[in-house]
Amino acid sequence: MLIATPLPSGVFTSFTKPSNGDSRASCRENINVNTSIYEVKHASSIGFIVTIQTQKPPLPSFQLVKGSYNWNLTTPAMIDRETTPQFTFEFSATDGSLSELSVPLTLDIEDENDNTPQFINSIYTGTIYNTAKAGDYMLTIQATDEDLNPNITYFITGGDIGNTFSLDQYTGQLTLTRPGNLNPVTTPTYTLTVQASDGKTFNTTTVTVHVVADPCSSNPCNNGGACAVNGMAFTCSCTTGFHGSTCNETGPTTSDPCVSKPCTNGCTCAVSGPSFSCLCVSGTMGNTCSPIVTTAAAQNETLDQENKAESSSNLLAVYIVVPMLMLSIIVVAAIVMYKNKKRQKIADGNAQEGPGNKWFDGSLEINL
């Protein structure tokens, strides 16, 4: 850092160029080397040495050369605005003991038309139908130029057989001029040479145009259908009652999947996106509500279930009825034995008492 200190009395030191009112300069790019572009002035030109204290950016390096009374800022070998559009300098003045800095000097580099237009794309290719009309747009050719505010114009310089095409010189838009020249058989391809110029320099590129037959020229849409070009193919807009890619089909279309009544047995069809679903009634099932059919396997399974149920019932009967029946036999047998025993007892008593026994009447009856 330079520190300013007082000078001897009566000595006035300061930069008059650059100063607060004069701190900007300019020069054109590509100027000759060692050309003086600015004069640095100091109030005391005797006894002081003036040098470049700082330069931003530092390259390419400028030089400060002593003149008769002042110092001249001179150019380096090459100044390119597209690389460095501006420089900033500070100058230092010293008498060996005291030093001071100038205000910054800004140097603007002015543009020259020294760059060639460059096309945005390396190749340009387009396709046009043989039924295109005059004025139909094809493609746009564009170029750029690094120079400041370039004025680029475009021209077809070759390959335009029969002046078939037109190129807007300001926008680079390529359009059809003479549609009658388009023939995919005799001239299937045009190879155009296009030039982009900035008024001083120019560049060229190649534009390839392919001529193809209009897919609608053969009237592929039947039954009054309207044909529309769709890329390299076509699309038919069919009249009422017809459908298909070429309008040659009749009947239900696939736009409503329920039109064909896919649900059977009186079931309801409901649209579900591009497909359908059937609301089945009792006794039907499946995607289209088919009748429920009992298969042999299902019948066997049902029969097995019935046999199992019957076996369970029989076992239940055995476990309940048989014990009850045995219990009944035991009870009856006990009653018979009891009455037989009672009868025997009475018979024994009568035998002892004889016919005079008042209880014996010869007509004893046992009722079971």
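Scroll up to find the structure.
These lines cover the structure that appears in this document, whether it is placed above or below. Not measured: the values here are computed from a predicted model. (Residues numbered from 1 in each chain as written. Predicted model: local features only at pLDDT ≥ 70, side-chain atom pairs only at ≥ 80, totals over all residues. Heavy atoms only, no water.)

1. Observations concerning the environment of Lys133
Residue placement: Lys133 occurs in the loop between strand E11 (124-129) and strand E12 (137-140). Each C-alpha atom, one on Lys133 and one on Thr177, is 8.2 Å from the other, the two residues being 44 residues apart in sequence. Residues in contact with Lys133, not counting those within four places in the same chain, are Leu176 and Pro179. (Helix = DSSP H or I, 4+ residues; strand = E, 2+ residues; numbered from the N terminus. Contact = heavy atoms within 4.5 Å.)

2. A word on unusual backbone geometry
Cis geometry is found at the peptide bond from Lys56 to Pro57, where omega equals -10 degrees. Assignment of secondary structure puts Pro57 in the loop between strand E4 (49-56) and strand E5 (63-66). In this chain, Leu59 is followed by Pro60 through a cis amide linkage whose omega measures -5 degrees. Positive phi is not limited to glycine here, since Asn34 has a value of about 65 degrees. Even without being glycine, Asn219 reaches a positive phi, approximately 50 degrees. Mapping Asn219 onto the fold places it in the loop between strand E18 (202-212) and strand E19 (226-230). Residue Asn219 is classed as exposed on the basis of its relative accessible area, which comes to 60%. (Buried < 20%, exposed > 50% of the residue type's maximum accessible area, 1.4 Å probe, protein only.)

3. Considering the side chain of Glu29
If you trace the backbone, Glu29 turns up in the loop between strand E2 (24-28) and strand E3 (36-42). Despite its burial, Glu29 pairs with no opposite charge, the nearest such side chain being Arg81 at 4.6 Å. Of the polar contacts made by the side chain of Glu29, one reaches the backbone nitrogen of Glu112; its length is 2.7 Å. Each residue touching Glu29, except ones within four places of it in the same chain, is listed here: Ile79, Asp80, Arg81, Glu82, Ile109, Glu110, Asp111, Glu112 and Asp114. (Lys, Arg positive; Asp, Glu negative; His and termini not counted. Salt bridge = Lys/Arg side-chain N within 4 Å of Asp/Glu carboxyl O. Polar contact = N/O pair within 3.5 Å; in protein donor to acceptor, adjacent residues only side chain to side chain.)

So yeah, pure geometry; function would need other evidence.
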